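Observations on chain architecture
Letter by letter, the chains look like this.
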Amino acid sequence: MFWYDHDPSGWGWFAMAAGMVLFWALIITVAVLLFRALARTDGTGTPTGTPSARPEELLAERFARGEIDEDEYHRRLTVLRGRAGARTRLGKS
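Read on for a plain summary of the structure. (Residues numbered from 1 in each chain as written. Predicted model: local features only at pLDDT ≥ 70, side-chain atom pairs only at ≥ 80, totals over all residues. Heavy atoms only, no water.)

Before going further, it helps to spend a moment on the packing of aromatic side chains. All told, the structure shown has 2 aromatic pairs when counted by the stated rule. With a centroid separation of 5.3 Å and 75° between ring planes, the pair formed by Phe23 and Trp24 is classed as edge-to-face. Classification of Phe23 by relative accessible area gives partly exposed; the value is 43%. Ring plane angle 20° and centroid distance 4.7 Å describe the contact between Phe63 and Tyr73, whose orientation is recorded as stacked. (Phe/Tyr/Trp six-rings, centres within 6.5 Å; stacked < 30°, edge-to-face > 60°. Buried < 20%, exposed > 50% of the residue type's maximum accessible area, 1.4 Å probe, protein only.)

Here it is as structure tokens:
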């Protein structure tokens, strides 16, 4: 039937080889991207789904770095802990 004149020759073999390489490169790229997306962190260094730092801990870190002074640290800490007297003092300053 069509035995003699319909086989890939010359560029046909090159196109098939290049197509196979591109196919496997695509499969490997999709697998790597899928793995990275599933194992990704939220940018803070902790895996997704874990609770973030408590507000009191963040305030203590700011105080330790020297971003806020001792008075501001104590004022904000009392506000975080829910003392009503601290809220009025904080509003006046």
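At a closest axis distance of 10 Å, the pairing of helix α2 (residues 55-65) and helix α3 (residues 70-81) adopts a crossing angle of 180°. Classed by the angle they form, the pair α2 and α3 counts as roughly antiparallel. Along its contact with α2, which presents Pro55, Glu56, Leu59, Ala60, Arg62 and Phe63, the element α3 presents Glu70, Tyr73, Arg76, Leu77, Leu80 and Arg81. Within the contact of α2 with α3, the residues separate by chemical class into 7 nonpolar, no polar and 5 charged. (Axes fitted to C-alpha atoms, helices over the stretch in contact; angles between N-to-C directions. Helix = DSSP H or I, 4+ residues; strand = E, 2+ residues; numbered from the N terminus. Parallel < 35°, antiparallel > 145°, perpendicular 65-115°, else oblique. Contact = heavy atoms within 4.5 Å. Nonpolar A, V, L, I, M, F, W, Y, C, P; charged D, E, K, R; others polar.)

Moving on: a nonpolar patch on the surface. A cluster of nonpolar side chains, namely Met20, Phe23, Trp24, Ile27, Ile28 and Val32, defines an oily patch on the protein surface of about 600 Å² accessible area. For Ile28, the position within the fold is in helix α1 (residues 11-38). (Patch = residues over 30% accessible without salt bridge, like charges linked within 9 Å, V, L, I, M, F, W, Y side chains within 5 Å. Areas by Shrake-Rupley, 256 points an atom, 1.4 Å probe, with all protein chains shown as cover. Salt bridge = Lys/Arg side-chain N within 4 Å of Asp/Glu carboxyl O.)

So, on to the pattern of salt bridges. Two side chains that carry opposite charge are able to pair once their charged atoms sit near each other. If you walk through the whole model with that rule in mind, you get 6 salt bridges. Its salt-bridge partner being Arg81, residue Glu56 comes within 3.5 Å of it at the nearest N-O pair. Residue Glu56 is found in helix α2, and its partner Arg81 is found in helix α3; the two are separated by 25 residues along the sequence. For the salt bridge of Glu72 with Arg76, the shortest nitrogen-to-oxygen distance reads 2.7 Å. Of this pair, Glu72 and Arg76 are both found in helix α3, 4 residues apart, which corresponds to roughly one turn of the helix.

Within the secondary structure layout, Leu59 lies in helix α2. Taking the C-alpha atoms as reference, Leu59 lies 9.6 Å from Leu80; in sequence the two are 21 residues apart. Apart from the residues lying within four places of it in its own chain, the contact partners of Leu59 are Ile68, Tyr73, Arg76, Leu77 and Leu80.

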